[in-house]
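# Coordinate inspection notes
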Amino acid sequence: ATARLVNAYVTVETQYRSGEVAPVQVQALGEALLAAGGVSAGQLRGAAAAMLRASPGWEPPQRAPPEVREVWATARLVNAYVTVETQYRSGEVAPVQVQALGEALLAAGGVSAGQLRGAAAAMLRASPGWEPPQRAPPEVREVWATARLVN
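Structure report, in brief. (Residues numbered from 1 in each chain as written. Predicted model: local features only at pLDDT ≥ 70, side-chain atom pairs only at ≥ 80, totals over all residues. Heavy atoms only, no water.)

### Details of the environment of Gln115
Selection criterion: Helix numbers and strand numbers start at the N terminus; a helix is a DSSP run of H or I with at least 4 residues, a strand a run of E with at least 2. Between buried and exposed lies partly exposed: a residue is buried under 20% and exposed over 50% of the maximum accessible area for its type, with that area taken using a 1.4 Å probe on protein chains only. Residues are treated as being in contact if the distance between any of their heavy atoms lies within 4.5 Å.
By secondary structure assignment, the location of Gln115 is in helix α6 (residues 113–126). According to the relative accessible area criterion, Gln115 is partly exposed, its value standing at 24%. Sequence spacing of Gln115 and Gln99 is 16 residues, and the spatial spacing of their C-alpha atoms is 18 Å. Those residues in contact with Gln115, other than ones at most four positions away along the chain, are Thr74, Leu77, Val78 and Tyr81.

As structure tokens, this is what we get:
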């Protein structure tokens, strides 16, 4: 499972850097992620980062191993909040990026408190009126309330 995953994500990364990723490689990476139960967290993070670059709209299905869904949620959240932070520092945040960060926050159950704090801080800067809806994970609502208070 590890070899298959590493091969798939290295192939996607290599193709991404050269300018175009073949859909069959994205599919192979998705399939490798679905079979990645027991693979180390570091390898999963690498694979999730590659998948985010190649196919940002991909989501692991419910049948994916829990560790894959958890790593994906973290990678998606970090990618979204780093993008918002970078745009904020350059002077303008695209509404689509604020939306992506909000969606990543709603899917962030199981993400570490530190990552949630970073995402909440970025969201507060980019969209101070945003509020997590009731369906947001409890830890997201808790971190958001704290971030708002601190801000």
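### Details of empty space enclosed by the protein
We apply this condition: The rule is simple: put a 1 Å grid over the protein atoms alone, call a set of points where a 1.4 Å probe fits but cannot get out a cavity, call an open set with protein on both sides within 12 Å along at least five of seven lines a pocket, and count a residue as lining if it has an atom within 4 Å of a point. Grid points are joined across faces, edges and corners, and a volume is the space filled by probe spheres set on the points. In this classification, the charged set is Asp, Glu, Lys and Arg, the nonpolar set is Ala, Val, Leu, Ile, Met, Phe, Trp, Tyr, Cys and Pro, and all remaining amino acids, among them Gly, are polar.
Tallying each qualifying case throughout the model produces 1 cavity of 30 Å³ or more. In terms of lining residues, the largest cavity is bounded by Leu33, Leu44, Ala48, Trp58, Val68, Val71 and Trp72. Among the secondary structure elements, those contributing two or more residues to the lining of the largest cavity are α3 (41–54) and α4 (66–90). Here the lining of the largest cavity takes 3 residues from α4, the largest share from any one element. Per-class residue counts for the lining of the largest cavity are 7 nonpolar, no polar and no charged.

### Comments concerning helix α1 (residues 2–18)
It helps to recall that an α-helix has 3.6 residues per turn; residues three or four apart then point in one direction. Selection rule: Multiplying one less than the number of residues by 1.5 Å gives the expected span of a helix. The arc under discussion is defined with respect to the helix axis, by the directions toward the C-beta atoms.
Along its 17 residues, α1 runs 24 Å from first to last C-alpha, staying within 8% of the 24 Å computed at 1.5 Å per residue. By the burial criterion, the buried members of α1 are Leu5, Ala8, Tyr9, Val12 and Glu13. In a view along the axis of α1, the buried residues occupy a sector of 130°, so they form one face of it. Structural note: α1 exposes Ala3, Asn7, Arg17 and Ser18 on the side pointing more than 90 degrees away from its buried face. Along its buried surface, α1 packs onto α2 (23–34) and α3. Just past α1, the residue Gly19 takes up positive phi, approximately 115°.

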